[in-house]
Amino acid sequence: MPRKIDPDEFRVRPADAVNLRERPTKVPRFYRSKKEYEKLLAKQVDALSELQRMHYACNRYALLLIFQAMDAAGKDGAIRHVMSGINPQGCQVFSFKQPSREELEHDFLWRANRCLPERGRIGIFNRSYYEEVLVVRVHPELLAPQGLAETTSDGESIWAQRHRAIVNQETHLHHSGTRIVKFFLHLSKDEQRKRFLARIDEPEKNWKFELGDVRERRHWDAYMSAYESCLAATSTDLAPWYVVPADDKKNARLIIAETIVATLRGLDLAYPETSPARRKELLALRKEL
Ligand code: ATP
Ligand code: MG
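### Some points on the overall build of the protein
Each helix and strand in the protein was counted, giving eleven helices and five strands. With respect to the three principal axes, the spread of C-alpha positions in the protein is 70 × 50 × 40 Å. Taking all 289 residues of the protein together, the buried fraction comes to 49%. Here the protein contributes 48 positive and 41 negative side-chain charges, whose respective centroids are spaced 6 Å apart.

Now the structure itself:
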């Protein structure tokens, strides 16, 4: 039997101080061969597809999955593989890049608010409003075009203020039926280097390589400390963060799939029941066919 995955092992508890050096980027494999990995993932993808159908029919909750990571950590691949079995109608992916002029004219949660999943759906954020306490914190000059009217008056930093705004927003969403699960794909700096080198050395991967990625890598430590403070401040019981070891892509995908399946299984989902009156109506219509 392969090792069983316990999502709780990767969850950030609300009281945790987060030290990313102490959290692994690599853990023993949950699969013993490529074939076994494929079998395990396929099983979870099937389970997910089945749960998604019930989630859709039940129409009680929305599910929001947030993915954050350094470049080349495997966000795109994880989203593609884990969500591959889902009916595209029930699921939407949004990728958040540098904000547009229009987006900069609004508060920092605005653009994401417009992309939130409806009840019965799964929404995936490939990057998110969390960039506002990550890339923007690492490059505070990005704040200038946001034209903020005031800085904090009580000595609270803008980052603490934003963390609080996010927690409030996610709590509000939870009370409105949106369940939120957040994944930080935790990649080692060395593994990122290997993946960048492969993007340069293997011509079919050249398209994935961007100059900017190497520039951001120079700020690695600043990013890690922004992540640490963000994960510690915004992982709540209602909207937990999972720090997923990402040096092994297959392992990471299995952990993510298991966490999403467990979250959906934890919801009170059921197909809507047919009332006796409706049943009678249907039987009457049947006679007409
Ligand atoms: P990939 O490189 O795999 O295609 P990606 O998510 O890295 O995916 P890019 O277009 O390379 O996509 O990068 C998007 C960039 O936009 C990232 O560097 C990210 O930090 C930046 N970004 C996202 N949100 C914001 C924001 N609110 N403010 C400033 N920059 C942001
Ligand atoms: Mg990129």
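### Describing helix H6 (residues 158–175)
Between its terminal C-alpha atoms H6 stretches 26 Å, which fits the 26 Å expected from 18 residues at 1.5 Å a residue. Among the residues of H6, those classed as buried are Trp159, Arg162, His163, Ile166, Val167, Gln169, Glu170, Leu173 and His174. Relative to the axis of H6, the buried residues are bounded by an arc of 165° and lie together on one face. Residues of H6 that are buried in the fold lie against strand S1 (62–69), helix H4 (110–113), helix H5 (135–138), strand S4 (178–186) and helix H9 (220–234).

### Topic: the site of ligand 1
Around ligand 1, the surrounding shell holds 15 residues, and the nearest of these are Lys97, Arg111, Arg127, Glu131 and Glu132. A distance of 2.6 Å separates an oxygen atom of ligand 1 from a polar side-chain atom of Arg127. Within the contact set of ligand 1, an oxygen atom lies 3.2 Å away from a side-chain nitrogen or oxygen of Glu210. Relative to its free-state accessible area of 630 Å², ligand 1 is covered by the protein chains to the extent of 80%.

### Some thoughts on the nonpolar core
Among the nonpolar cores identified, the biggest contains 43 residues, and Leu65, Met83, Phe183, Ile256 and Ile260 are the most heavily contacted of them. Those elements that provide at least two residues to this core are helix H1 (34–58), S1, helix H2 (75–82), strand S3 (122–126), S4, strand S5 (241–245) and helix H10 (249–265). Counting residues per element, this core draws most heavily on H10, at eight residues. Every residue in contact with Met83, bar those within four places of it in the chain, is listed here: Leu48, Leu65, Ala78, Cys91, Ile122, Ile124 and Ile260. Counting residues in hydrophobic clusters, the runner-up holds 35 residues, among them Tyr129, Val138, Trp220 and Tyr223.

### Some thoughts on unusual backbone geometry
Its identity is not glycine, yet Asn59 carries a phi of approximately 55°, on the positive side. Here Asn59 shows up in the loop between H1 and S1. Residue classification places Asn59 among the partly exposed positions, given a relative accessible area of 40%. In this model, Arg127 sits at a positive phi of 70°, which is unusual for a non-glycine residue.

### A look at the side chain of Arg199
Tracing the backbone shows Arg199 in helix H7 (residues 189–201). One buried charged side chain, Arg199, makes no salt bridge at all; its nearest oppositely charged neighbour is Asp213, positioned 4.2 Å away. Those residues in contact with Arg199 that lie beyond four places of it in its chain are Ala72, Lys205, Asn206, Lys208, Phe209 and Asp213.

### A closer look at the pattern of salt bridges
Counted by the stated rule, this structure contains 19 salt bridges. Asp8 is the partner of Arg13 in a salt bridge, and the nearest nitrogen-oxygen pair spans 3.7 Å. A salt bridge links Glu131 to Arg127, with the nearest nitrogen and oxygen atoms 3.0 Å apart. For Glu131, a relative accessible area of 11% puts it in the buried group.

### Details of a positive patch on the surface
Positive charge collects at one region of the surface, where Lys4, Lys35, Lys39, Lys43 and Arg265 lie side by side. With three residues, the single largest contributor to the positive patch is H1.

### As for the packing of H2 against H10
To describe two helices that pack against each other, one gives the angle between their axes and the distance between the axes. Where H2 meets H10, the closest approach of the two axes is 10 Å, and the angle between their N-to-C directions is 50°. As judged from the angle between their axes, H2 and H10 are oblique. Taken as a pair, H2 and H10 cross one another with a handedness that is right-handed. Contacts from Gly77, Ala78, His81 and Val82 of H2 reach H10 at Arg253, Ile256, Ala257 and Ile260.

Rules of the game
Residues numbered from 1 in each chain as written. Chains lettered and ligands numbered in written order. Predicted model: local features only at pLDDT ≥ 70, side-chain atom pairs only at ≥ 80, totals over all residues. Heavy atoms only, no water. Helix = DSSP H or I, 4+ residues; strand = E, 2+ residues; numbered from the N terminus. Buried < 20%, exposed > 50% of the residue type's maximum accessible area, 1.4 Å probe, protein only. Lys, Arg positive; Asp, Glu negative; His and termini not counted. Charge placed at Lys NZ, Arg CZ, Asp CG, Glu CD. Expected span 1.5 Å × (residues − 1). Arc of directions from axis to C-beta. Contact = heavy atoms within 4.5 Å. Near = heavy atom within 4 Å. Polar contact = N/O pair within 3.5 Å; in protein donor to acceptor, adjacent residues only side chain to side chain. Areas by Shrake-Rupley, 256 points an atom, 1.4 Å probe, with all protein chains shown as cover. Core = buried A, V, L, I, M, F, W, Y, C linked by side-chain atoms within 4.5 Å. Salt bridge = Lys/Arg side-chain N within 4 Å of Asp/Glu carboxyl O. Patch = residues over 30% accessible without salt bridge, like charges linked within 9 Å, V, L, I, M, F, W, Y side chains within 5 Å. Axes fitted to C-alpha atoms, helices over the stretch in contact; angles between N-to-C directions. Parallel < 35°, antiparallel > 145°, perpendicular 65-115°, else oblique. Left-handed = near helix turned anticlockwise from the far one by under 90°.

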